[in-house]
Amino acid sequence: MEDEKFYELIDVYRNPPNKGKLEDFDVSEEGYSSTCSDRFTVYIKFDGNKIKKSSFDGVGCVISTISASRLCDALVGKTAEEAQSMTIEDIKKLIGVDQISISRTKCATIALETVKNALSKDHMKA
Amino acid sequence: MVMINVEEIRKDFPILNREINNNRLIYFDNAATSQKPKQVIDGIKYFYENINANPIRSIHTLAAESTQAYNDAREKVARFINAEPEEIIFTRNATESINLVSFALPLKQGDTVLTTYMEHHSNLLPWLRLKDRGVKVDLVNVDENDELDMSRYDELTKDVRLVTVTHVSNVTGTINDVDKIVRRAHENGSLALIDAAQSIPHMKFDVKKTGADFVAFSGHKMLGPFGIGVLYARKDAEKSLSPFLTGGEMIKDVKLSRIVYENAPALFEAGTQNIEGAYGLGLAVDYLSKIGMENIETYEKDLTQYLYNKAKGLKNVEVYSGKSRNFMGIFSFNVKGLHSHDTAYLLDKKGIAVRSGFHCAQPLIEDKLKQPGAARASLYLYNTREEVDKFIDELGSIAEKYGR
């Protein structure tokens, strides 16, 4: 990642869209990684079988925070199955980088993993 | 002051010539693992090219040489900390050493283990797990100067079976008065364990002077290879441990109706051991001994002081370490407004390797320092003032550009 890119991201990081608990949500899940010292909660609201809105809350680094923030936008309109099929490749596109180093993979995927866990909860399978 | 010849020392560490992101590597992640001198690297190659065989079991020449190499390594490590060879149990690392004690010490319901808030998870989680069988776990508090509440050790109750404490904190660099803690534990009839993973690589450590029953440390943090660690168990204390892992070479006689176990240390070294690792650790100990642990400690304390003096002028940087009266080697910090991972990432772009995150000491960082992680620079004998200068310069630029 180039300096300019980091500078652009840090700006978003300090005021990330979709941060804060949704007042009305159907499912939420906490995700954390002690090595990253990241901790996020995601909130998801459905409209029928499609995600209507989602948000996140918590503390993390630039990569984890921005991937969480932008993932929340990307989830809108998706079914749970469609969200489950998302991968790190989708996250890279959301952040706008070609490569994520192995030591930052966890940062990039913590929000997505948490969303997937949220959507795997028993009551979701009904 | 006896100074070590750091330029000569650096020539022994090939990795220090590496370039990282077009900058000469500055390796400041020594509390995580140390780099290895060519004496250790070449020695391990020599072992595999000349000595390799399964020791203890077979009687052929190579097996005898391999056994000899393993025994020699044990003797070297014993001499290094003023122990007897029988008191040196080889493990994988300090974590395994502490786990071994937690499994092998017959602690029961109503017993208390007294650990501290300053611990690495490796000296916390093995004890917390014993809660399942009714063992109580208490934590000695850490004050605002990163020091232990020593008065807690004056109030030990009879149910405290084990007092366990880190010698040097991997987050704040605090050096604890372990001699006093061990003395208090013994006065109370408690056993004492010291996590010396962050101290033995950096200072002279004498098990007879300290008097602890158990001392745990890792080879890879003291110029040795990965996968070899040590549990020192004082001869009398060894008897309080029951067998841990069972299998080959930890028994004298096996009948299905009756098993006669080996004596320590073999009792605690079931199965084929990491001979290469022990051999490499022996060479690392040779290397450290040749330079002299007092010299290393003096040099590192001086370099640490140099770093803290230079860091005083930094803006937008919060420092969490170095507050205690006695500390060394560790500089934990955050650039205000940046996550420690991002700070570490930006330093890495300049070739500077530091740790970030919780440092496996989450209760200390979250509950006491009230931080969602921290970045950490940790020094060793091959680091220089020039490296500290570059680190402070780069950290200063990052803090100026991104801090707030």
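Bear in mind that the values here come from a model prediction, so they are computed numbers and not experimental data.

### Regarding the overall build of chain B
Here is step 1 of the chain: Along chain B, the regular secondary structure elements total 13 helices and 17 strands.
Here is step 2 of the chain: Over its C-alpha trace chain B gives a radius of gyration of 22 Å, about what one expects of a compact globule, namely 22 Å for 404 residues.
Here is step 3 of the chain: Sequence-distant contacts, at least 24 apart, represent 71% of the contacts inside chain B between residues at least 6 apart.
Here is step 4 of the chain: For chain B, the accessible area works out to roughly 16500 Å², and carbon and sulfur atoms hold 49% of it.

### Structural notes on the domain arrangement of chain B
Residue and element names in this part refer to chain B.
Here is step 1 of the chain: In terms of domains, chain B is made up of domain 1 (6-30 + 292-402) and domain 2 (40-289).
Here is step 2 of the chain: Its C-alpha centre places domain 1 at a distance of 28 Å from the equivalent point of domain 2.
Here is step 3 of the chain: With 37 residues of domain 1 at the contact, the number on the domain 2 side is 32 residues.
Here is step 4 of the chain: Here domain 1 meets domain 2 over a buried area of about 2900 Å², counting both sides, of which 57% is carbon and sulfur.

### Details of helix H4 (residues 88-95) of chain A
All names here are of chain A.
Here is step 1 of the chain: Those residues of H4 that sit buried are Ile 91, Lys 92 and Ile 95. Across the axial projection of H4, the buried residues extend over an arc of 105°, all falling on one side.
Here is step 2 of the chain: Structurally, H4 contributes buried residues whose contacts are with helix H1 (3-14), helix H2 (62-75) and helix H5 (105-119).
Here is step 3 of the chain: Positive phi shows up at Gly 96, right after H4, with a value of about 90°.

### Here's the deal with the pairing of strand S9 (residues 214-218) of chain B
Here is step 1 of the chain: Within S9(B), five of the five residues are buried, leaving the element largely enclosed by the surrounding structure.
Here is step 2 of the chain: Every second residue of S9(B) is oriented toward a common face, with B:Phe214, B:Ala216 and B:Ser218 on one face and B:Val215 and B:Phe217 on the other, all of them buried.

### What about the sheet that holds strand S2 (residues 38-47) of chain A?
Residues and elements named next belong to chain A.
Here is step 1 of the chain: Spatial ordering of the open sheet is given by S1-S2-S3, a layout of three strands whose pairing is antiparallel. Of all strands in the sheet, those with a lone pairing partner are strand S1 (27-33) and strand S3 (50-59), marking the two edges. On average, each strand axis in the sheet is inclined to that of its neighbour by 20°, with strand direction left out of account.
Here is step 2 of the chain: In terms of strand pairing, S2 meets S3 through nine bridges, oriented antiparallel. Across the sheet, the residue bridging to Asp 47 is Lys 50, located in S3.
Here is step 3 of the chain: Strands in contact with H2 are S2 and S3; relative to S3, the strand with the most contacts, it is inclined by about 165°.

### So, the packing of H2(A) against H5(A)
Residues and elements named next belong to chain A.
Here is step 1 of the chain: Between H2 and H5, whose axes approach to 7 Å, the crossing angle comes to 40°. Between H2 and H5, the angle falls in the class oblique. For the pair H2 and H5, the crossing hand works out as right-handed. Note on element contacts: H5 touches H2 through Cys 107, Ala 108, Ile 110, Ala 111, Leu 112 and Val 115, opposite Ile 63, Ser 64, Ser 67, Ala 68, Leu 71 and Leu 75.
Here is step 2 of the chain: When the residues that make up the contact of H2 with H5 are grouped by side-chain class, the tally is 10 nonpolar, two polar and no charged.

### Quick look at the packing of H2(A) against H4(A)
Residues and elements named next belong to chain A.
Here is step 1 of the chain: Where H2 meets H4, the axes come as close as 9 Å, and the angle between the chain directions of the two elements is 100°. Here H2 is positioned roughly perpendicular relative to H4, judged by the angle of their axes. Contacts between H2 and H4 involve Ile 63, Ser 67, Arg 70, Leu 71 and Ala 74 on the former and, on the latter, Ile 91, Leu 94 and Ile 95.
Here is step 2 of the chain: Its residues assigned to classes, the contact of H2 with H4 comprises six nonpolar, one polar and one charged.

### Regarding a negative patch on the surface
Residues and elements named next belong to chain B.
Here is step 1 of the chain: A contiguous patch of negative charge, built from Asp 143, Glu 144, Asp 149 and Glu 155, is present on the exposed surface.
Here is step 2 of the chain: Within the secondary structure layout, Asp 149 lies in the loop between strand S6 (136-140) and strand S7 (160-166).
Here is step 3 of the chain: Here Asp 149 falls in the partly exposed class, since its relative accessible area comes to 32%.

### Considering the sheet that holds strand S13 (residues 317-319) of chain B
Residues and elements named next belong to chain B.
Here is step 1 of the chain: Here four strands make up an open sheet; going across it, the order is S13-S14-S17-S16 and the pairing antiparallel. Across the chains shown, the open sheet's two edge strands, defined by having one partner strand only, are S13 and strand S16 (355-357). Each neighbouring strand pair of the sheet contributes to a mean axis angle of 30°, computed without reference to strand direction.
Here is step 2 of the chain: In this sheet, strand S17 (residues 374-378) lies alongside strand S14 (residues 330-335) in antiparallel orientation, the contact comprising four bridges. Counted as the bridge partner of Phe 331 is Ala 377 from S17.

### Topic: the layout of surface pockets
All names here are of chain B.
Here is step 1 of the chain: Of the volumes computed, that of the second largest pocket is approximately 430 Å³.
Here is step 2 of the chain: Taken together, 22 residues line the second largest pocket, and the ones lying closest to its centre are Ile 175, Asn 176, Asp 177, Val 178 and Asn 326.
Here is step 3 of the chain: The set of elements that each furnish at least two residues to the lining of the second largest pocket consists of helix H6 (178-187), helix H7 (207-210) and helix H10 (293-311).
Here is step 4 of the chain: Of the residues forming the lining of the second largest pocket, the biggest block, three residues, is contributed by H6.
Here is step 5 of the chain: Looking at which domains feed residues into the lining of the second largest pocket, each of domain 1 (6-30 + 292-402) and domain 2 (40-289) gives three or more.

### Here's the deal with the environment of B:Glu147
Residues and elements named next belong to chain B.
Here is step 1 of the chain: With respect to the secondary-structure elements, Glu 147 resides in the loop between S6 and S7.
Here is step 2 of the chain: On the basis of relative accessible area, Glu 147 is assigned to the buried category, the value being 13%.
Here is step 3 of the chain: Between the alpha carbons of Glu 147 and Arg 325 there is a distance of 8.3 Å; along the sequence they are 178 residues apart.
Here is step 4 of the chain: When residues no more than four places from it in sequence are discounted, the contact partners of Glu 147 are Met 118, Asn 141, Val 142, Ser 324 and Arg 325.

### Considering unusual backbone geometry
All names here are of chain B.
Here is step 1 of the chain: Here Ala 264 and Pro 265 are connected by a cis peptide whose omega angle stands at 5°.
Here is step 2 of the chain: The residue Pro 265 is located in the loop between strand S12 (258-261) and helix H9 (275-291) in this model.
Here is step 3 of the chain: In this structure, Asn 21 takes a positive phi of about 50° despite not being glycine.
Here is step 4 of the chain: Along the chain, the position of Asn 21 falls in the loop between strand S1 (19-20) and strand S2 (23-24).
Here is step 5 of the chain: For Asn 21, a relative accessible area of 42% translates into the label partly exposed.
Here is step 6 of the chain: A positive phi angle, close to 65°, is found at Glu 249, a residue other than glycine.
Here is step 7 of the chain: For Glu 249, a relative accessible area of 25% puts it in the partly exposed group.

About the criteria used
Residues numbered from 1 in each chain as written. Chains lettered and ligands numbered in written order. Predicted model: local features only at pLDDT ≥ 70, side-chain atom pairs only at ≥ 80, totals over all residues. Heavy atoms only, no water. Helix = DSSP H or I, 4+ residues; strand = E, 2+ residues; numbered from the N terminus. Rg over C-alpha atoms; globule rule 2.2 N^0.38 Å. Contact = heavy atoms within 4.5 Å. Areas by Shrake-Rupley, 256 points an atom, 1.4 Å probe, with all protein chains shown as cover. Domains from an automatic or database assignment. Buried area = accessible area lost by both parts, 1.4 Å probe. Buried < 20%, exposed > 50% of the residue type's maximum accessible area, 1.4 Å probe, protein only. Arc of directions from axis to C-beta. Pairing = 2+ DSSP bridges. Axes fitted to C-alpha atoms, helices over the stretch in contact; angles between N-to-C directions. Parallel < 35°, antiparallel > 145°, perpendicular 65-115°, else oblique. Left-handed = near helix turned anticlockwise from the far one by under 90°. Nonpolar A, V, L, I, M, F, W, Y, C, P; charged D, E, K, R; others polar. Patch = residues over 30% accessible without salt bridge, like charges linked within 9 Å, V, L, I, M, F, W, Y side chains within 5 Å. Salt bridge = Lys/Arg side-chain N within 4 Å of Asp/Glu carboxyl O. Lys, Arg positive; Asp, Glu negative; His and termini not counted. Charge placed at Lys NZ, Arg CZ, Asp CG, Glu CD. 1 Å grid on protein atoms, 1.4 Å probe; cavity = no way out; pocket = protein on both sides within 12 Å on 5 of 7 lines; lining within 4 Å. Points joined across faces, edges and corners; volume = space filled by probe spheres on them.

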